[in-house]
Structure formats: structure tokens, C-alpha cells
Amino acid sequence: MKQFSLNLFSFNVMLPFKIHSPETELCLPAWEKKHIKVTLKRDDLIHPFISGNKWRKLKYNLEEALQLQKNHLVTFGGAWSNHLLATACAGTTFKFKTTAFVRGEEGVNNPVLAMCRLFGMQLIYVDRESYRDKENLYNSYFGQDPTTFYIHEGGYGMLGAKGCSELVDELQHEYQHIFTACGTGTTLAGIANAIEKRDLFTRVHGIPVLKNGGFIQEEVDQLYPDITPPILHLDYHFGGYAKSNTDLLAFVQHFIAATGIMIEPTYTGKLLYAVDDLIKRDYFTPADQVLVIHTGGLTGLLGMYERFNFIDLHQ
Ligand SMILES: *Cc1c(COP(=O)(O)O)cnc(C)c1O
């Protein structure tokens, strides 16, 4: 009984974390000319470090960990992972220890990993080969440890998708289209499931940021086998994960200068480039209302700013 009330107390600890993610209409002349209304859902404003969809994906994982009386989160990520940073910050905010298996050589450092460390996260560097077998890694370090809780790379999974579904409950309007960037497909799956459950007419679109993004469909299927498959646009990966070209970088620069809203090339840059391109190709019907999810991840810019070949916008 005592343990039960302890759990209740723990749940109360989660409550002060209120989602702040307004819907902001974007006014770009090229889009207005085509009579397409684009609204941005500002999940990037949820938290500076537990950014965007990463909080949504962590929320039920953390609740589950509390319920199981675990006090140590263990997860996986690359050296610039938004998920690691979010887990490090959320972990310490809600009184968990955190450990991450980082894909990369011992001692790799960058601003994101430094911030993970500042939040108290323990980093274990592993080579590409060992990184592939995550269960094995986890078991060899923590298999006998009753205090640890396993969180998938990128927050993938049912608990993550459940958190992402809640985004749909917050919406102020019914949109013809919702677009999100895809890494694991968890965010897309959660949104698509919520749209289906609520019988909304909205069509759900994903922009995979990796090459050969068709696998996203299988990931969505695994999570929700019975829903209408979301629409995937496979040609906006720009060569693969974290790859870019001058076109994409110029678009990102123009978008930020025109709107005052920060985006980055790895996820939201590709996403908005795709929406812009589809508008210009008359993919939509005039008067369509399009919602784009700003999934955050702005610290990714810290590893990419040197790529910009800044264009003089004053000419
Ligand atoms: C992690 C991340 C994504 C990918 O989300 P999935 O649910 O894994 O598809 C999209 N955008 C940003 C900014 C991210 O950090």
C-alpha cells in the first residue's frame, strides 16, 4: 500500500510539465499565391532541450519507468542525437539517472554530448558493429540490474507513439493535411492513429529524412497494423540522414529570415522544403489547410552551421 501511494506521488511529479505548442500561421508570398494555408504546430516551443516530439515520445516511457519503480533510464543514439539530449534533460528533471550508448569512438565530443554530460548522463561509446545489437549491449551492462529501464533509440515504440497521438487532441482546427518529418516513424504513426481513431478526414503525410524511407511504412505497420497507411514522400532525403545540399541550405536560410522561426537542415528543413515543393507543384487543392509539425531539434544546427554558404538577402 505504501508503494502504491509512492507511485501516486511520482505521477504528480509529472503533472507540472504542461505542453506549450501553439499553432502559428505561416505567411509566405509563394504559398499565398497558390492559396494554400500553412500552419506550423510549434512543438519546438515545448522545451529547449526536451524538444518537440522527443518529450511526447518520452512521456509514457517515463511514466512506465516510475510505475515499475525504475530509477535509471538507458538508451541509445548517435553523437548528435536530439533523443539523447532530451532523455538526459528529462531524466534529471524527473529524478532518473541516465546512461546512453553512443555510436562513435571513445572520447567523441560535441556541444550536444557536452550538454548530455552537463545534465548528468553517463556516456558509453561503442563501435558501429556492437551498436547494431542493442539488446546485447544492454544485457551485457545492465542485464542483472533491476533499477534500469530500456528506452529504444529515438524513443521508438508504442509508448512513444501514444504520446505523439496526444498532439492531435490539442489541435484548434481540422486540417486537410498534416505533415511531419520521420526518423523512426513513431511520431507519424502516433498522429496517423489518432486521426483514424477520431474519424477525421485529415490526410497524414511523412517526409522520411533517411534514404530508402519506405521502411517507415513497416515501422508504422508494426505499431498500428490496422490503420490507413500514411502518405510517404520518399524524395526529400537529400542523400540521406544529416545530408544536405546548397538548395536545402538556401531554403533553410530563406525560411528563417522570412518567418523568424528557426529550423534546421536534418529534419524540419527537409520537411518544409518538401511542403514548399509540393505547393509549387500544385499537389494541393486551392484553399487546402496544411498543418506542419515543427518537431524541434534545433541543437542539430550546432553541428551544421559551417555548411551554410550565406546568400545576401538584402540584394
Ligand atoms: C527525432 C526527430 C524526428 C523523428 O521522429 P520519429 O518519431 O523518430 O520519426 C523528427 N524531427 C526532429 C526534430 C527530431 O529530433
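Within each chain, residues carry numbers counting from 1 in the order of the written sequence. Under the rules for a predicted model, residues below a pLDDT of 70 receive no local features and side-chain atom pairs below 80 are neither given nor counted, while totals for whole chains, interfaces and linings still include all residues. Calculated side-chain values reflect all of the structure's heavy atoms, with hydrogen atoms and water omitted.

Just give me the short version of the overall build of the protein chain, but keep the residues and values in it.
For the protein chain, the helix and strand inventory stands at 12 helices and 10 strands. Here the protein chain holds 315 residues, and 54% of them are scored as buried. Looking at the protein chain alone, contacts between residues at least 24 apart form 76% of all its contacts between residues at least 6 apart. When the accessible surface of the protein chain is summed, it comes to about 15,100 Å², and 52% of that surface belongs to carbon and sulfur atoms. In this tally, Asp and Glu contribute negative charge and Lys and Arg positive charge; neither His nor the terminal groups of the chain are included. Throughout, a charge is located at the NZ atom of Lys, the CZ atom of Arg, the CG atom of Asp or the CD atom of Glu. The average position of the 29 basic charges and that of the 34 acidic charges among the side chains of the protein chain differ by 4 Å. Helix and strand definitions here come from DSSP, where helices need a minimum of 4 consecutive H or I residues and strands a minimum of 2 consecutive E residues; each element is numbered from the N-terminal end. In this scheme, a residue with accessible area under 20% of its type's maximum is buried, one over 50% is exposed, and one in between is partly exposed, where area comes from a 1.4 Å probe on protein chains only. Contact criterion: two residues are considered in contact whenever any of their non-hydrogen atoms come within 4.5 Å of each other. Only the protein chains shown count as cover for residues, with accessible areas throughout obtained via the Shrake-Rupley method and a probe of 1.4 Å.

How would you sum up the domain arrangement of the protein chain? Please name residues and give values.
Each assigned domain of the protein chain is listed here: domain 1 (23–50 + 157–307) and domain 2 (54–155). A straight line from the C-alpha centre of domain 1 to that of domain 2 covers 25 Å. On the side of domain 2, 22 residues touch domain 1, which itself brings 24 residues to the contact. What gets called buried area is simply the loss in accessible area from a 1.4 Å probe that two parts show on being joined, summed for both. Together domain 1 and domain 2 conceal approximately 1,900 Å² of surface at their shared face, both sides included; 64% is due to carbon and sulfur atoms. By the criterion of area lost to domain 2, the three top residues of domain 1 are Phe49, Ile50 and Leu159, representing 35% of everything that side buries. Any carboxyl oxygen of Asp or Glu that lies within 4 Å of a side-chain nitrogen of Lys or Arg is treated as forming a salt bridge with it. Linking domain 1 to domain 2 there are 3 salt bridges. For the salt bridge of glutamate 170 with arginine 56, the shortest nitrogen-to-oxygen distance reads 2.9 Å. Any pair of N or O atoms that falls within 3.5 Å is considered a polar contact. Within protein, one atom must be able to donate a hydrogen and the other to accept it, and sequence-neighbouring residues count only if both atoms are side-chain atoms. Inspection of the domain 1/domain 2 interface yields 4 residue pairs in polar contact (both at pLDDT 80 or more). Of all elements in the fold, only α8 (158–169) and α9 (186–197) reach the threshold of two or more residues within the side of domain 1 that touches domain 2. Considering each element in turn, the side of domain 1 that touches domain 2 owes the most residues, 7 residues, to α8. When its residues are assigned to classes, the side of domain 1 that touches domain 2 shows 8 nonpolar, 11 polar and 5 charged. Domain start and stop points were drawn from an automatic or database domain assignment. Gly falls in the polar group here, along with every residue not listed as nonpolar (Ala, Val, Leu, Ile, Met, Phe, Trp, Tyr, Cys, Pro) or charged (Asp, Glu, Lys, Arg).

Describe the UniProt feature "modified residue: N6-(pyridoxal phosphate)lysine" (unreviewed entry) in the protein chain, naming the residues involved and giving the relevant values.
Following the UniProt record, one finds the feature "modified residue: N6-(pyridoxal phosphate)lysine" (unreviewed entry) at Lys54. With respect to the helices and strands, lysine 54 occurs in helix α3 (residues 53–67). Discounting chain neighbours no more than four positions away, the residues touching lysine 54 are Asn82, His83 and Ala86. UniProt positions are given in the numbering used here, feature names are shortened, and annotations may be inferred rather than shown by experiment.

I'd love a proper account of the environment of leucine 210, names of residues and values included.
Along the polypeptide, leucine 210 turns up in the loop between β8 (203–208) and α10 (215–223). Sequence separation of leucine 210 and glycine 163 is 47 residues, and the distance between their C-alpha atoms is 23 Å. With near-sequence residues (within four places) excluded, leucine 210 lies in contact with Cys182, Gly183, Phe215, His237, Gly240 and Tyr241.

Can you explain the sheet that holds strand β4 (residues 97–103)? Please cite residues and give values.
Strands qualify as paired when DSSP identifies two bridges or more between them. In space, the 4 strands of this open sheet follow the order β5-β4-β3-β6, with parallel pairing throughout. The sheet is open, and its two edges are formed by β5 (122–126) and β6 (148–150), each paired on a single side. Each adjacent strand pair in this sheet contributes to an overall mean axis angle of 25 degrees, direction not counted. Where strand β3 (residues 72–77) and β4 come together, 6 bridges link them in parallel fashion. What sits directly across from histidine 72, in β4, is lysine 97. Inter-axis angles, ranging from 0 to 180 degrees, are taken between N-to-C directions of lines fitted to C-alpha atoms, where helices are fitted over the stretch in contact. In this fold helix α5 (residues 111–118) packs onto β4 and β5, with an angle of close to 140 degrees to the strand it touches most, β5.

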